[in-house]
Amino acid sequence: MSFLDTLRQWDEAVASVDRQDLSGALQMFLSIKEPNSKIYFDIGCLHLIGEDLDAAEKAFDCSIGKDEHLAVAFFQRGITFYKKERFEESLADFQHAFKKLRGNHLIDYKALGLRYKLYACEILHNMALAEARLGRWEPAQENLVKALNYKTETKLSIIDKALQSTLKQKLFKLVEFPSKVLFKPNKHYVAELEKKDYLGKAKVVASIVPQDEFSGFAPLQPQVEDSPTDPKAPEVLRALEGDPHTVLFEFVPETSDELAVVPGNIVFVLQKGADNWASVVFNERRGLVPYNYLERFTLPSKQNAVEERTENSPYIVKVHFTYSVAVCVPPGSDFTTLVNTISKKVKIPADSLTLSLTSLATGPTVIDANTEMVKVWSGGNGGRITLWCNVKEQTDGKPENQIHLVALHSYESSNPEDLTFHQGDTITFLSKVNQDWWEGRCKGDSGIFPASFVEEVPVNGQ
């Protein structure tokens, strides 16, 4: 049986236990050809529930044989021996379990797939009970006094009641492992078992600001000389596997399997378990997050994506600048209207801009106040036209009214569209994305960055 087959059958068996189908789960476990120590442990637990003590003993023997450091397996076998009234062997297994804790107050098996904490004080409690069963009341009291050094507030009453019982030489109740708590396979591996259609139909998971002329977003990139003449098809963000959810509360991971998220993050749920933990993807990393920390993210449907163009429909002008922008102008607009609209978009004075029909702003390709705009608009296709925009050079070789920023802190880009810079670097302001993020250029690279990381400086101060 392959590793994937074992993993799949293990996961199905645990799911059967969750559905209260214990006999079906046991049959699935027993049909696994090469069980590991955790699977043998699960088999032993199911035999204990069914009160088949001999089979449970054999299963825990195999579990310990596969992993001699699994303290919880010694603890469970000790309980099995106790129920079989083999108290010497039960005491020996409890002693082994306590030794495996190596002086720690507890072992948390959550990282290994078992939602259970094995407490040292509970092991000592059961050791005392086994001693009492053998008629050795003084060692029983010594173990319980020792347990007081390892106690927690929630376990204090158990130890106190047991001490009171030993003083009267009366037996007390055995601390047992919780019913139907089993080792589960790694969530990451289970998530990989699902078949993925990598070439299936793409899903829109995000888009640019509503009412904008182009759908989608791509990182800022320098323009090439020979741009395609046909307009580029609308873009969408790459489809991600899973269902999008918004994070409602901050989650701090406690194990390596869990994933840190903060409110407002968008994560993609791959699988939701019956234990309320969800396997999610965030920033190309996978991990576990409590599902009740999430809320399903519903994207608004985009209606009337393709509209029929009329005579009064505005022209969409795609402008190749330092970065690409899109503006909307009324049909038949004159040069002044066009250049002023582009000026507002790029935040550079209109008289400092040169517009052209090609990347080479020379001769008849240049658009100015003397250009017959009817010919310009007639060259469009479907109400769309592509232009090039350059900043006129001044006598000092710098563009007018250019805003310069200085970096107060260093910023390392975590995404392709971000701009990397170091403290003290000079950044040329390009545009304002929103209140918190700006676009800029530094050392030949363009991208977005946190506005709080920079401050504006006068141009003549550079």
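What counts, and where the lines are drawn
- Residues numbered from 1 in each chain as written.
- Predicted model: local features only at pLDDT ≥ 70, side-chain atom pairs only at ≥ 80, totals over all residues.
- Heavy atoms only, no water.
- Helix = DSSP H or I, 4+ residues; strand = E, 2+ residues; numbered from the N terminus.
- Contact = heavy atoms within 4.5 Å.
- Areas by Shrake-Rupley, 256 points an atom, 1.4 Å probe, with all protein chains shown as cover.
- Pairing = 2+ DSSP bridges.
- Axes fitted to C-alpha atoms, helices over the stretch in contact; angles between N-to-C directions.
- Parallel < 35°, antiparallel > 145°, perpendicular 65-115°, else oblique.
- Left-handed = near helix turned anticlockwise from the far one by under 90°.
- Nonpolar A, V, L, I, M, F, W, Y, C, P; charged D, E, K, R; others polar.
- Phe/Tyr/Trp six-rings, centres within 6.5 Å; stacked < 30°, edge-to-face > 60°.
- Buried < 20%, exposed > 50% of the residue type's maximum accessible area, 1.4 Å probe, protein only.
- Lys NZ or Arg CZ within 6 Å of the ring centre and 35° of its normal.

J.: How should I be thinking about the overall build of the protein chain in this particular structure?
T.: When helices and strands are counted, the protein chain shows twelve helices and 17 strands. Sequence separation of at least 24 residues holds for 55% of the intrachain contacts in the protein chain that already meet a minimum separation of 6. Summing over all exposed atoms, the protein chain offers an accessible surface of approximately 26400 Å²; the carbon and sulfur share of this is 50%.

J.: I keep staring at the pairing of strand E16 (residues 445–450) and nothing clicks. Help me out?
T.: Relative to E16, strand E15 (residues 437–442) runs antiparallel, the two being bridged by six bridges. Bridge pairing in E16 places Trp-437 opposite Pro-450.

J.: What am I meant to see in the packing of helix H3 (residues 37–49) against helix H4 (residues 53–66) here?
T.: Relative placement of two packed helices is described by the angle separating their axes and the distance separating the axes. Here H3 crosses H4 at 165°, and the two axes come no closer than 8 Å. Put simply, H3 runs roughly antiparallel to H4. For the pair H3 and H4, the crossing hand works out as left-handed. Between H3 and H4, the contacting residues are Ser-37, Tyr-40, Phe-41, Ile-43, Gly-44, Cys-45, His-47 and Leu-48 on the first element and Leu-53, Ala-55, Ala-56, Ala-59, Phe-60, Cys-62, Ser-63 and Lys-66 on the second. Taken together, the residues of the contact of H3 with H4 break down into eleven nonpolar, four polar and one charged.

J.: How should I be thinking about the side chain of His-47 in this particular structure?
T.: Position of His-47 among the secondary structure elements: in helix H3. Those residues in contact with His-47 that sit more than four places away from it in its chain are Leu-26, Asp-52, Ala-55 and Ala-56.

J.: It is not clear to me how the packing of aromatic side chains should be interpreted in this structure. Could you clarify?
T.: Note on aromatic pairs: each is described by the distance of the centres and the angle between the planes. In total, this model carries 17 aromatic pairs according to the counting rule given. Taking 5.6 Å as the distance between ring centres and 85° as the angle between the ring planes, the aromatic pair formed by Phe-98 and Tyr-150 counts as edge-to-face. Of the two residues, Phe-98 sits in helix H6 (residues 87–100) while Tyr-150 sits in the loop between helix H8 (137–148) and helix H9 (156–167), which places them 52 residues apart along the sequence. As far as burial versus exposure is concerned, Phe-98 and Tyr-150 are alike and both buried. The interplanar angle of 80° and the centroid separation of 5.6 Å between the aromatic rings of Tyr-411 and Phe-453 together place this pair among those described as edge-to-face. One end of the pair, Tyr-411, is in the loop between strand E13 (404–407) and strand E14 (426–432); the other, Phe-453, is in the loop between E16 and strand E17 (454–457), and 42 residues separate them in sequence. Here the aromatic residues Phe-41, Phe-60, Tyr-109, Tyr-116, Phe-177 and Phe-183 are joined through ring pairs into a cluster of three or more. One cation-aromatic arrangement involves Lys-272 over Tyr-291; the distance from NZ or CZ to the ring centre is 5.0 Å.

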